[in-house]
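# Structural description and commentary
Each chain, written out:
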Amino acid sequence: MSIQAGLVGLPNVGKSTLFNALTKSSIPAENYPFCTIDPHVAITEVPDLRLDKLATMYNSAKKIPSTVKFVDIAGLVKGAAEGEGLGNTFLSHIREVDLILHVLRCFEDSNIVHSGGVIDPVADYEIIVSELMLKDLESVEKRLSKLEHLRKGAQGKPAEIKEIDDEKDFLNNIKQALNAGDGKKVRTLCTETEINTIPLLSSKNFLIIANIAESELEDDTFKNNPHYQALVEKFGQEKVIPVSAKIEYELSQLAEPEAEEMMSMVGLKQKSLDVIIRQTYKNLGLITFFTCGPKEAHAWPLLKGTTVRKAAGEIHTDLERGFICAEVFNCEDFFVHESEVKLKELGKIRKEGQDYVVQDGDIILVRFNV
């Protein structure tokens, strides 16, 4: 599955440190701009207690978790849309991701240079989004110009002319929102339309990662941080994830017992990385289905709304090609009754045809013939 989330931020906000923690990798995280030139991609396991429980109940020899793909995109600067820094390259990398994770600095440290001089995460966010919108404005104007030429060539084709005019009207509304700097309206317009047009950088779904100081973890002291408060006020609690990238990186280098001891020392109730991964997974529109047996318990990521035949194709193309039906039950029912035999007696195991829409937590056995 090619769905991925991209970490975006100005230079020296802790983005690459966070990426290192997410992947336990060792890409550069130096104290100077543009240390990350090419995007780095990593696949990270999604924490899921359901898989652990299923592996135990099925006595599975192997456990394979669901995964999510993260991309570390080099730091943006003001003027990126005009090619400042490595702007055009950075913007093209953002174009390829499905969810943007804005890493915003909320801590003070005179030893780490900040590109803006003053710590202001809302202003940092607006710099990045302004660059995305400027690039979108350029793309929209090019598309509108092309539509004018297409309309001239469509004379005598009323259906084609209507399609072109509908797209023009939509893009003119987008242009108006971009000129007003109204990113929220751009996202709303793109979400509500069925018109097929050019992809827009500023229409992408996003989460905010507030990089706080390690001293603010204990007793949730970060809640008093004015920078964090400003982000919550602007975006809402559900969009903002407080993280100490430095602590998360250190935890990622430790074995689990040592990590738990360190978490206790700094007052961290759960790993912020787990929160980021789960929220990213959810905001990418992904759910999880399972295949289970003595050989392995396997969690599979799947776009919400996908049919069981398409889901079978995620396991193996032959299963989709020769799909007959699927036996389906939900893991929550299995946890309650602890027996497939009991589930059959209760009618909880169902045979579903190819149009069944897979639900989060479904356990699936595909019947096929090729």
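Structure: see above.
Okay, so let's go over this structure. Quick caveat: nothing in here was measured; it's all calculated off a predicted structure.

## Notes on the overall build of the protein
Across its full length, the protein carries 14 helices and 12 strands. Expressed as a percentage of its 370 residues, the buried residues of the protein come to 48%. Excluding contacts between residues fewer than 6 apart, the proportion of contacts in the protein whose partners are at least 24 apart in sequence is 69%. Carbon and sulfur atoms form 49% of the exposed surface of the protein, whose accessible area is close to 18,700 Å².

## Some words on the pairing of strand β1 (residues 4–8)
Burial within β1 is extensive, with five of its five residues counted as buried. A two-sided burial pattern is seen for β1, the buried positions comprising Q4, G6 and V8 on one face and A5 and L7 on the other. Bridge analysis of β1 against strand β4 (residues 67–72) gives four bridges, and the strand direction is parallel. Of the residues in β4, the one forming a bridge with L7 is D72. In this structure, β1 lies alongside strand β5 (residues 99–105), joined through four bridges in parallel fashion. Following the sheet pairing, L7 is matched in β5 by L101.

## Some thoughts on the packing of aromatic side chains
Scanning all chains against the criterion turns up seven aromatic pairs. On the numbers, 6.2 Å between centres and 15 degrees between planes, the contact of F289 with W300 is stacked. Residue F289 is found in strand β8 (residues 286–292), and its partner W300 is found in strand β9 (residues 296–303); the two are separated by 11 residues along the sequence. Given a relative accessible area of 0%, F289 falls into the buried group. W300 gets classed as buried once you look at its relative accessible area, which sits at 14%.

## A closer look at the sheet that holds strand β7 (residues 240–243)
Taken together, six strands build an open sheet; the order of strands is β2-β4-β1-β5-β6-β7 and the sheet is mixed. Of all strands in the sheet, those with a lone pairing partner are β2 (40–45) and β7, marking the two edges. Sheet twist, expressed as the average angle between the axes of neighbouring strands with direction ignored, equals 25 degrees. Of the strands in this sheet, β1, β5 and β6 (205–211) are in contact with helix α4 (residues 121–152), which crosses β5 at around 145 degrees. Where helix α10 (residues 272–283) meets the sheet, its contacts fall on β1, β2, β4, β5, β6 and β7, and the angle it forms with β4 comes to roughly 100 degrees.

## Quick look at the environment of V122
Take V122: it is sitting in helix α4. Measuring from C-alpha to C-alpha, the distance between V122 and A230 comes to 7.2 Å, with 108 residues separating the pair along the chain.

## Side note on the pairing of β9
Within β9, six of the eight residues are buried, which leaves it mostly tucked inside the rest of the structure. Relative to β9, strand β3 (residues 62–64) runs parallel, the two being bridged by three bridges. The residue of β9 that forms the bridge with I64 is H298. Strand direction decides the pairing type here: β8 and β9, joined by seven bridges, are antiparallel. Bridged to L286 within β9 is L303. In sequence, β8 turns back onto β9 through a hairpin of three residues.

## Notes on the nonpolar core
Ranked by size, the top nonpolar core spans 75 residues in total, and within it L18, F70, L101, L231 and I276 carry the most contacts. Ranked by residue count, the leading element in this core is α4, at 10 residues. Counting 15 residues, the second largest nonpolar core, distinct from the first, contains I287, Y356, V358 and I364.

## A few points about the environment of A154
On the secondary structure map, A154 appears in the loop between α4 and α5 (158–179). Between the C-alpha atom of A154 and that of I164, which follows or precedes it by 10 residues, the distance is 9.1 Å. Excluding residues within four positions of it along the chain, A154 makes contact with E160, I161 and I164.

## Considerations on α10
Count 3.6 residues to each turn of an α-helix, and residues three or four apart come out pointing the same way. The end-to-end C-alpha distance of α10, which contains 12 residues, comes to 16 Å, matching closely the 16 Å that a straight helix rising 1.5 Å per residue would cover. The set of residues buried in α10 consists of S272, L273, I276, I277, T280 and Y281. Once α10 ends, the next one or two residues include G285, with phi positive near 80 degrees.

Cut-off values and rules
- Residues numbered from 1 in each chain as written.
- Predicted model: local features only at pLDDT ≥ 70, side-chain atom pairs only at ≥ 80, totals over all residues.
- Heavy atoms only, no water.
- Helix = DSSP H or I, 4+ residues; strand = E, 2+ residues; numbered from the N terminus.
- Buried < 20%, exposed > 50% of the residue type's maximum accessible area, 1.4 Å probe, protein only.
- Contact = heavy atoms within 4.5 Å.
- Areas by Shrake-Rupley, 256 points an atom, 1.4 Å probe, with all protein chains shown as cover.
- Pairing = 2+ DSSP bridges.
- Phe/Tyr/Trp six-rings, centres within 6.5 Å; stacked < 30°, edge-to-face > 60°.
- Axes fitted to C-alpha atoms, helices over the stretch in contact; angles between N-to-C directions.
- Core = buried A, V, L, I, M, F, W, Y, C linked by side-chain atoms within 4.5 Å.
- Expected span 1.5 Å × (residues − 1).

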